[in-house]
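Structural overview for review
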Amino acid sequence: MTNTPEAPEKGKDFIRLIIDKDNQTGKYDGRVHTRFPPEPNGYLHIGHAKSICLNFGLARDYQGKCNLRFDDTNPVKEDVEYVDSIREDVTWLGFTWDANFYASDYFERLYCIAELFIKMGKAYVDHQTPDEIRANRGTLKEPGTDSPYRDRTPEENLALFRSMRAGELADGACILRAKIDMAAPNVMLRDPALYRIKHANHHRTGDAWCIYPMYDFTHGLSDAIEGITHSICTLEFENNRPLYNWCVDTLMEGLRMPELFGRNAAIYEELAALPGFNERPYQYEFARLNITGTVLSKRKLIQLVQEGHVLGWDDPRMPTICGFRRRGYTPASIRDFCERIGVAKSDSTVEYALLEHCVRQDLNDRAPRYLGVMDPVKLVIENYPEDGLDEFTMPLHPEDESMGTRVVPFSRELWIERADFMEDAPKKFFRLSPGREVRLRFAYYVTCTGFDKDADGNITQIRATYDPETRGGWSKDGRKIKGTLHWVSAAHAVQAEVRNYSNLFSCENPNAVGEGKCFTDYVDPNSLEVLPRCWVEPALADMEPGVNFQFERTGYYCSDSRDHAPGDKLVFNRTATLRDSWAKIQKNMA
RNA sequence: UGGGGCGUAGCCAAGUCGGUAAGGCAUCAGGUUUUGGUCCUGACAUUCGAGGGUUCGAGUCCUUCCGCCCCAGCCA
């Protein structure tokens, strides 16, 4: 691992503790080699980010290595579109793999290993139908029944398996099964399938194969081939671990039986020399990530996209990596989140608030500030000259001068936020109201002198006077001004479309909906709010797509990567609101 | 008594050979502030799923019980 972000400084998780122990005992000679092994059948989500940060982070912290390996053993579900997106997302998160492999790289070796298993009497070809196999597997509490084909000779099995590979059999005609124990209490061990026939085109190997290895057979062997030391996956694979071990151990045993090698001897000898088959990898499981208010399973995410509940995989409301990217989340904020949630074995659901905290913290430091009015109402400065103009040079960041400045024009007519004015304001309201004085950010103090309404009672315009002695938003007499409003000069403002996002789901846990309900029933149609006519300061007109910034007093935003066109159509996505203690006060008053 | 895991605050999560419950988020209360932002300070588990036992001493050891998650794809 090279080129990776800063290391964390906190209590170690159980996996790091295991590695420490391995290093102390001299296991693997101090080598640490992990891998991130996605199946390219969908887009990566924040749950994958946890795994990515763990696996690549381990390599970083222990001066080890981490591979990217596509687990592409099921061609009908996979596609290059997904492998491309996965590579892009891992890279965007800030990680660099030491090697990029595919399970399909190992198809020939895997096939030879299967032949060896057959010769060892550890695998057989089963001609039972899927229904029969299911019926004979037994139940969780009752043992299974041996297949009538279980005692075929190695010679017979070898011939059959070769005809499977040769394409002489139809899909589903038979499978290759491990010969373990049909009465095993762990159902995974009741003669699991190793190979199935699928006359399907594979995104990488094309039509070279019509049989494909199963996950359990492939995974541990691929790990060993790559010299992986610590194979980390999620909790639901705990039951698979004995099978993982069986596959690796059985091969290691077979590799010591050269009398069985036959014409593929070269391949077996090569495997036998690999570090992974001398000091084999071990699998460890951690709890997958859950976050309140969203779903994190590929199946559900696909459903949201396909049924049109969202606008695509990168819809900013999606918990996908590309969704967060488009929303304006930074790689550093997601990494920080993954560090903070920890790695453990208990099922847990992290509050979305933590993720929001992480972006806010990151963006607070690095996002330049701008002024933009979301819900505009006109403010006329009555004592300001009709053709007057001020140009204020404002810092792009209040605590970081190095970020520089920009110039913001000021004139007689301004746009301010409708919510910043109240006709009859309570005492705690620090904004504009008849007779009250507020500061216009970095401009002047203004005092409200009145307002106008239309026939329906809507406020059409607010009137005020300004104090020329307060230029820059500061006064010599030191009088206290509690409220500071953002504003934009009506004559100079640029129009923009602002897209505000809130929770995609209207319930806290869309994974556990009531009887007869579907999680999609809880998709909130108001989770996307489009404000087509906002007024923003001119400095924003030429902003490139994909740039993070803050609209002061409002929130963190990001120019949209798809629809934002500098100098033409401005489109800004809300990444997160600012924390809003005024909202809390209002809530408490109500 | 199918098998495999897990249970420390509202949410995550440290807790190594038993020695008297880290940290973060959220929440609440103050202070600073030209963003009701940021920042700073303080509060927030007499108790670790429950009971029993061993011990001078138990979140850690023993034991019984309870609760939750995973497994019966020719998916991963």
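To keep things clear, this report deals only with the structure shown in the data block.

What counts and what doesn't
Residues numbered from 1 in each chain as written. Chains lettered and ligands numbered in written order. Predicted model: local features only at pLDDT ≥ 70, side-chain atom pairs only at ≥ 80, totals over all residues. Heavy atoms only, no water. Helix = DSSP H or I, 4+ residues; strand = E, 2+ residues; numbered from the N terminus. Rg over C-alpha atoms; globule rule 2.2 N^0.38 Å. Buried < 20%, exposed > 50% of the residue type's maximum accessible area, 1.4 Å probe, protein only. Near = heavy atom within 4 Å. Polar contact = N/O pair within 3.5 Å; in protein donor to acceptor, adjacent residues only side chain to side chain. Nonpolar A, V, L, I, M, F, W, Y, C, P; charged D, E, K, R; others polar. Axes fitted to C-alpha atoms, helices over the stretch in contact; angles between N-to-C directions. Parallel < 35°, antiparallel > 145°, perpendicular 65-115°, else oblique. Contact = heavy atoms within 4.5 Å. Pairing = 2+ DSSP bridges.

Here we look at the overall build of chain A
- What chain A contains, in helices and strands, is 14 helices and 25 strands.
- Its C-alpha radius of gyration of 31 Å places chain A more than 25% over the 25 Å reference for a compact globule of 590 residues.
- On the principal axes, the C-alpha backbone points of chain A span a range of 100 × 50 × 40 Å.
- Going through the 590 residues of chain A one by one, you find that 54% of them count as buried.

A closer look at the protein's contact with RNA strand B
- If you check the shell around RNA strand B, you find 70 residues, and the closest are Thr73, Arg340, Arg369, Gly472 and Gln550.
- Between RNA strand B and Arg431, the relevant distance is 2.8 Å, taken from a base nitrogen to a side-chain nitrogen or oxygen of the residue.
- Separating a sugar or linking oxygen of RNA strand B from a side-chain N or O atom of Arg439 is a distance of 2.8 Å.
- By residue class, the composition of the surface near RNA strand B is 25 nonpolar, 19 polar and 26 charged.

What to know about the packing of helix α2 (residues 46-61) against helix α12 (residues 331-341)
- Direction vectors running N to C along α2 and α12 enclose 80°, while the axes themselves pass 9 Å from each other. Classified by the interaxial angle, the pair formed by α2 and α12 is roughly perpendicular. Contacts between α2 and α12 involve Ile46, Ala49, Lys50, Cys53 and Arg60 from the first element and Ile334, Arg335, Phe337, Cys338, Glu339 and Ile341 from the second.
- Its residues placed into classes, the contact of α2 with α12 shows seven nonpolar, no polar and four charged.

So, the pairing of strand β3 (residues 99-102)
- With four bridges connecting them, strand β2 (residues 65-70) and β3 associate as parallel partners. Bridge assignment links Leu68 to a residue of β3, and that residue is Asn100.

Function-wise, these values are silent; they only describe arrangement.
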